[in-house]
Amino acid sequence: MSVLIKGGRVVTAADSTVADVFVEGERVSLVGTSLDVEADHVIDATGKLVLPGAIDPHTHLDMPFGGTVTIDDFTSGQTAAAFGGTTCHIDFAIQSRGQSFSAAIDEWSAKALGSAVIDYGFHIIVTDLEEGGTLEELALLPDRGVTSYKMLMAYKGVFLVDDETLFEVMQLASRTGALAMIHGENGEVIDVLVKQAVAAGNLAPRYHALTRPPELEGEATNRAIQIAHLAGAPLYVVHVTCKEAVDAIAAARAKHWDVWGETCTQYFFVDITDLDEPDFGGAKYVFSPPVRDKSNQPVLWDAVRTDVLSAISTDHCAFLLDGQKTLGRDDFSKIPNGAPGLEERLKMIHHFGVNEGRITLNRMVEVLSTNPAKLFGLYPRKGTIAPGSDADIVVFDPNRKTTLSAATMHGNQDYTLYEGTEVTGDVDVTLIRGTVVVEDGELKVEPGFGQFVKRARFGEQLL
Ligand code: URP
Ligand code: ZN
């Protein structure tokens, strides 16, 4: 099977040129002007952007959390992703306490097998080095293509790991060629603040943010950076939300330390006042780290523009407002943490980032696709459009207007954080490994099409 994408503006992290893209089988074989080739399928991309498929390095599909399970499984979450121009994502396989690391990867692989419609990989979340997994076993995961170890400094009693574990796993990462990742919030102090708020009868959604202040994100982020530096490990800080954490990352990067940070779409657009939405509507905005004061939003845009932050993910972790978020109707600390975002990310960042002049089109491609690919061992197979790369391509109409609404989205979510938002720019066609996955508003593949990607070690290429 061959595909010719004709006459679009091909945009990579570095270039932007009107060209044809010729795909043979699963990979791009030629990029050039007026290609004189025959193809089985021709897509006229005149006036459109031809982008490398977006890569989301931070998702939670089919994840038990907060007394329930995220509403999107691999099929529904990835269908939403494909309609939103995301062609590959890396989900978190969680080691439960007492479980071996390989059993955790097996468990998550079983969730995706036969269900996937886009390509995917896994990070491991380390929760326990005493009764379950051992460092020796964790050292073997990169051989399985799981080349990133995440630790959470928050969620005491659930995911939180102490500094000893943080340090030992980071030392291991420096030896095995894995990338250490952290959720940077001081979970010990948060736990005290939450208990105090509940005891005082402060139970509304807004207390979710008030018990997780930005100082605690700044402190944990800086602590992790210092520990990773001592361990000699590269570090990736997930979902950065505030100036305190941005400053810690900027200081490390100014010293050329191996530290990278991501933020997520939602932190540019929703803020602490949204938690006061009436009729328990504030629960839609309960995720961690929490929504912040609006003054942080220009700080985040600036950090993305100036390469202090290197990626924008979704942290897609969808719960129904009606039936799941309501578990915490009488107590904010029982609201399952998380929100959807897989389908919205590219359109929101294109409209409010590129159309409104905050970042360039090349930078958008870099933070949504190329950098995640490079940092997580997918590049140059994924994250660019070049001869030899997987034909993971989005034909994007930069002029088509659309209004975001949960009613027309493709996951199982019953709300979007951006309901009613009008954006200019929409996905026309999504191809993965040369196969049309979304076209004419329809999903064209069956569950099982998406493949596990065995990622390369940190700093190595995936050819
Ligand atoms: O609230 C969130 N973000 N839920 C998912 C787990 C995490 O903290 O990333
Ligand atoms: Zn997350």
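Undergrad: Would you mind going over the overall build of the protein chain in detail, with residue names and values included?
TA: The secondary structure content of the protein chain amounts to 12 helices and 19 strands. The globule rule puts the C-alpha radius of gyration for 463 residues at 23 Å, and the 21 Å found for the protein chain is close to it. Counting only C-alpha atoms, the protein chain reaches 70 × 50 × 45 Å along its principal axes. For the protein chain, the proportion of its 463 residues judged to be buried stands at 62%. Within the protein chain, contacts between residues at least 6 apart in sequence are counted, and of these 76% link residues at least 24 apart. Summing over all exposed atoms, the protein chain offers an accessible surface of approximately 16,300 Å²; the carbon and sulfur share of this is 50%.

Undergrad: So what's going on with the coordination of the zinc ion (ligand 2)? Which residues, and what values?
TA: Coordination sphere of the zinc ion (ligand 2), protein contribution only: His 58 (NE2), His 60 (NE2) and Asp 315 (OD), at 2.0 to 2.2 Å. Coordination at the zinc ion (ligand 2) is irregular: its 4 donor atoms span angles of 85 to 132° at the metal. Written as a sequence motif, the donor residues of the zinc ion (ligand 2) are H-x1-H-x254-D. Of this pair, His 58 sits in strand E6 (residues 54-59) while Asp 315 sits in the loop between strand E15 (311-313) and helix H11 (345-355); the two residues are 257 residues apart in sequence, bridging distant segments of the chain. With respect to class, His 58 is no different from Asp 315; both count as buried.

Undergrad: Summarise the pairing of strand E5 (residues 49-52); cite the residues concerned and give the values.
TA: Where strand E1 (residues 2-11) meets E5, 2 bridges bridge the pair, whose relative direction is parallel. By the bridge assignment for E5, Arg 9 is matched with Leu 49. Sheet topology note: the E5/strand E16 (residues 393-403) ladder contains 4 bridges and is antiparallel. Bridge pairing in E16 places Pro 52 opposite Ile 393.

Undergrad: Explain the nonpolar core residue by residue, including any values.
TA: Grouped together as the largest cluster of nonpolar side chains are 136 residues, with contacts concentrated most on Ile 124, Met 170 and Leu 235. Those residues within four positions of Met 170 in sequence are excluded, and the remaining contacts are Met 151, Ala 180, Ile 182, Ala 224, Ile 227, Ala 228, Ala 231, Ala 233 and Leu 235. By size, the runner-up hydrophobic cluster in this structure holds 17 residues, among which are Ile 5, Ala 19, Val 28 and Val 395.

Undergrad: Describe a negative patch on the surface, and please don't skip the residues or the numbers.
TA: On the surface, Glu 130, Glu 131, Asp 162, Glu 164 and Glu 168 cluster together into a negatively charged patch. In this fold, Glu 164 is placed in helix H4 (residues 163-176). Among the residues examined, Glu 164 registers a relative accessible area of 53% and is labelled exposed.

Undergrad: How would you explain the site of ligand 1 if you had to name every residue and give the values?
TA: Taken together, His 58, His 60, Phe 65, Tyr 155, His 183, His 239, Phe 287, Ser 288, Asp 315, Cys 317, Asn 337 and Gly 338 are the residues near ligand 1. Taking Tyr 155, its side chain carries an N or O atom lying 2.7 Å from an oxygen atom of ligand 1. Contact distances for ligand 1 include 3.1 Å between a nitrogen atom and a backbone N or O atom of Asn 337. Coverage of ligand 1 by the protein amounts to 99% of the 260 Å² it exposes when considered alone. Judged by the fraction of its atoms near the pocket grid, ligand 1 is located in the largest cavity. Along the lines of polarity and charge, the residues of the shell around ligand 1 split into 4 nonpolar, 7 polar and 1 charged.

Undergrad: Give a detailed account of the pattern of salt bridges, specifying residues and quantitative values.
TA: Throughout the structure, instances matching the rule amount to 30 salt bridges. Between Glu 188 and Lys 156 there is a salt bridge; the shortest N-O distance is 3.1 Å. With Glu 188 in helix H5 (residues 187-199) and Lys 156 in the loop between strand E11 (148-152) and H4, this pair connects stretches of sequence that are 32 residues apart. Given the relative accessible area of 42%, Lys 156 is considered partly exposed. Residue Glu 217 is joined to Arg 292 by a salt bridge in which the shortest nitrogen-to-oxygen separation is 2.8 Å. Of this pair, Glu 217 sits in helix H7 (residues 214-231) while Arg 292 sits in the loop between helix H9 (266-269) and helix H10 (296-305), and the two are 75 residues apart along the sequence.

Rules and cut-offs
- Residues numbered from 1 in each chain as written.
- Chains lettered and ligands numbered in written order.
- Predicted model: local features only at pLDDT ≥ 70, side-chain atom pairs only at ≥ 80, totals over all residues.
- Heavy atoms only, no water.
- Helix = DSSP H or I, 4+ residues; strand = E, 2+ residues; numbered from the N terminus.
- Rg over C-alpha atoms; globule rule 2.2 N^0.38 Å.
- Buried < 20%, exposed > 50% of the residue type's maximum accessible area, 1.4 Å probe, protein only.
- Contact = heavy atoms within 4.5 Å.
- Areas by Shrake-Rupley, 256 points an atom, 1.4 Å probe, with all protein chains shown as cover.
- Donors = N, O, S within 2.8 Å, 3.2 Å for Na, K, Ca; no water.
- Tetrahedral: all angles 85-135°; square planar, octahedral: opposite > 155°, others 65-115°.
- Pairing = 2+ DSSP bridges.
- Core = buried A, V, L, I, M, F, W, Y, C linked by side-chain atoms within 4.5 Å.
- Patch = residues over 30% accessible without salt bridge, like charges linked within 9 Å, V, L, I, M, F, W, Y side chains within 5 Å.
- Salt bridge = Lys/Arg side-chain N within 4 Å of Asp/Glu carboxyl O.
- Lys, Arg positive; Asp, Glu negative; His and termini not counted.
- Charge placed at Lys NZ, Arg CZ, Asp CG, Glu CD.
- Near = heavy atom within 4 Å.
- Polar contact = N/O pair within 3.5 Å; in protein donor to acceptor, adjacent residues only side chain to side chain.
- 1 Å grid on protein atoms, 1.4 Å probe; cavity = no way out; pocket = protein on both sides within 12 Å on 5 of 7 lines; lining within 4 Å.
- Sits in = over half its atoms within 2 Å of the grid points.
- Nonpolar A, V, L, I, M, F, W, Y, C, P; charged D, E, K, R; others polar.

Keep in mind that these numbers describe shape and distance, not what the molecule does.
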